[in-house]
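A structural walkthrough
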Amino acid sequence: MKQRVSAVDAILSSYEGLSASEKRIADYIINHRHEVSSLNAYEIALKSDTSRATMSRFVRSLGYESFAQLRIALAHEERAGDDGFENEGGISSDDIAGSLQYILNVKLEELKSTASMLGSKPLANAIKAIRYADLTMFAAVGNTIPAAQNAAYKLWQAGYRSAAPTSTDGSLQLSLQLTSKDCLVVLSSSGYSKRLIPVLDNANDAGATIVAITENTESDIAKRADIVLRVANRDKMLSDLHFSQSSINFVIETLFLFLSHESEDVSEKNKLFWKTAGRDREPEA
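Rules of the game
Residues numbered from 1 in each chain as written. Predicted model: local features only at pLDDT ≥ 70, side-chain atom pairs only at ≥ 80, totals over all residues. Heavy atoms only, no water. Phe/Tyr/Trp six-rings, centres within 6.5 Å; stacked < 30°, edge-to-face > 60°. Helix = DSSP H or I, 4+ residues; strand = E, 2+ residues; numbered from the N terminus. Buried < 20%, exposed > 50% of the residue type's maximum accessible area, 1.4 Å probe, protein only. Expected span 1.5 Å × (residues − 1). Axes fitted to C-alpha atoms, helices over the stretch in contact; angles between N-to-C directions. Parallel < 35°, antiparallel > 145°, perpendicular 65-115°, else oblique. Contact = heavy atoms within 4.5 Å. Core = buried A, V, L, I, M, F, W, Y, C linked by side-chain atoms within 4.5 Å. Salt bridge = Lys/Arg side-chain N within 4 Å of Asp/Glu carboxyl O. Nonpolar A, V, L, I, M, F, W, Y, C, P; charged D, E, K, R; others polar. Pairing = 2+ DSSP bridges.

Observations regarding the packing of aromatic side chains
- By the definition in use, this model includes 1 aromatic pair.
- With a centroid separation of 5.9 Å and an interplanar angle of 65°, the aromatic rings of Tyr153 and Trp156 are classed as edge-to-face. One end of the pair, Tyr153, and the other, Trp156, are both in helix H9 (residues 145–157), 3 residues apart, so they sit about a helical turn from each other.
- Note on Tyr153: relative accessible area 30%, which makes it partly exposed.

Okay, here's the thing in structure tokens:
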């Protein structure tokens, strides 16, 4: 699968690394998608209270040579229906049905973008690294820790040794015990989780294979990884808070499905799990 990064995802994935003035441009473009195709760079700079120089830096930071290229990309996505943002009013309890459809559209496009950006080779390399690892350790911080624990649990189900410490200190301690036969999978949507850097450095010193699942391929976390699985995150379209791990969980479940289908004894190990858990039969579907 060919990697494709939409203009919207390029803006959102780079958002945290933008200057304050560049963020105003990003906010304006994201919040006025349907107007951008009829505006020029100077007009957007005025409307976002910035300058043409800032506009030029912003466009180049996204990988476009000119605003004209960015505008064409945005217009193309709008025509193709890639944006999914038809509710200009956003989310409001005054329009439950419209807001629900808006949320659904945003999340669907987030997952579609994630699938398009994964890339066959990075995904295959990550599957191989986990399959042949003695231990796969998952590390995260904050509200992404439950996603890491969920990932470890899924690998247990598939018959692979895995662990996900419940704290940053726990991750740091376990990373010191990793070997060259192990694999570290770091989950960080923004890529700016500085508390994970010592964990990554310990894994690198041990020679362990490092997989990063993140939207920011230019982050310190991504640069320290051997394999980067890029995800889309469209939280900014829904809230000012970073709240969702939908795309990260999608990648985890994708890895789980590949690994479980290639595990020769997954069914027997799963039956043994439920037996030792005090059940005399497998759980109902």
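Back to the write-up after that little detour.
Digging into helix H2 (residues 20–31)
- Between the first and last C-alpha of H2 there are 16 Å, a value that for 12 residues agrees with the 16 Å anticipated at 1.5 Å per step.
- Buried residues of H2: Ser21, Glu22, Ile25, Ala26, Tyr28, Ile29 and Ile30, and no others.

Let's talk about the packing of H9 against helix H13 (residues 246–261)
- Two elements in contact, H9 and H13, have axes whose closest approach is 10 Å; the angle formed by their N-to-C orientations is 10°. Relative to H13, the element H9 is oriented roughly parallel. Between H9 and H13, the contacting residues are Ala147, Asn150, Ala151, Lys154, Leu155 and Gln157 on the first element and Asn249, Ile252, Glu253, Phe256 and Leu259 on the second.

Comments concerning the environment of Pro165
- Along the chain, Pro165 turns up in the loop between strand E2 (162–163) and helix H10 (168–175).
- Through-space distance from the C-alpha of Pro165 to that of Pro146 is 9.9 Å; in sequence the pair is 19 residues apart.
- Excluding anything up to four places from it in sequence, Pro165 contacts Met137, Phe138, Ile145, Gly170, Ser171 and Leu174.

Observations regarding the nonpolar core
- Of all hydrophobic cores here, the largest spans 32 residues; its most connected members are Phe138, Val185, Leu187, Ile213, Leu229 and Leu255.
- Put simply, the parts of the chain that give this core at least two residues each are helix H8 (120–131), H9, strand E3 (183–187), strand E4 (209–214), strand E5 (227–230) and H13.
- Counting 28 residues, the second-largest nonpolar core is a separate cluster that includes Tyr15, Met55, Leu62 and Leu70.

Some points on the pattern of salt bridges
- The final tally for this structure, using the stated rule, is 7 salt bridges.
- We note a salt bridge from Asp9 to Arg234, for which the minimum N-O separation is 3.0 Å. Residue Asp9 is located in helix H1 (residues 7–14), and its partner Arg234 is located in the loop between E5 and H13; the two are separated by 225 residues in the primary sequence. Per residue, the accessibility class of Asp9 equals that of Arg234, and both read buried.
- In this structure, Arg131 and Glu262 form a salt bridge, with 2.0 Å as the shortest nitrogen-oxygen distance. Placement of Arg131 in helix H8 and of Glu262 in the loop between H13 and helix H14 (266–276) is noted, with a sequence separation of 131 residues between them.
- Residues joined by salt bridges that share partners form a network here, namely Asp27, Lys236 and Asp240.

Details of unusual backbone geometry
- The backbone phi angle of Asp49 is positive, close to 55°, even though this residue is not glycine.
- With respect to the element layout, Asp49 can be found in the loop between helix H4 (41–47) and helix H5 (52–61).

As for the packing of H10 against helix H11 (residues 197–206)
- Here H10 crosses H11 at 10°, and the two axes come no closer than 9 Å. It follows from the interaxial angle that H10 and H11 lie roughly parallel. Only Pro198, Val199, Asn202 and Ala203 of H11 make contact with H10, whose side of the interface consists of Ser171, Leu172 and Ser175.
- Residue classes in the contact of H10 with H11 are distributed as 4 nonpolar, 3 polar and no charged.

Description of the pairing of strand E1 (residues 136–139)
- The two faces of E1 match: Thr136 and Phe138 on one face and Met137 and Ala139 on the other face are all buried.
- Bridge count for E1 against E2 is 2 bridges, and the pairing is parallel. Residue Met137 lies in a different strand from E2, and its bridge partner there is Ala163.
- Strand direction decides the pairing type here: E1 and E3, joined by 4 bridges, are parallel. Across the sheet, residue Phe138 finds its bridge partner in E3, namely Val185.

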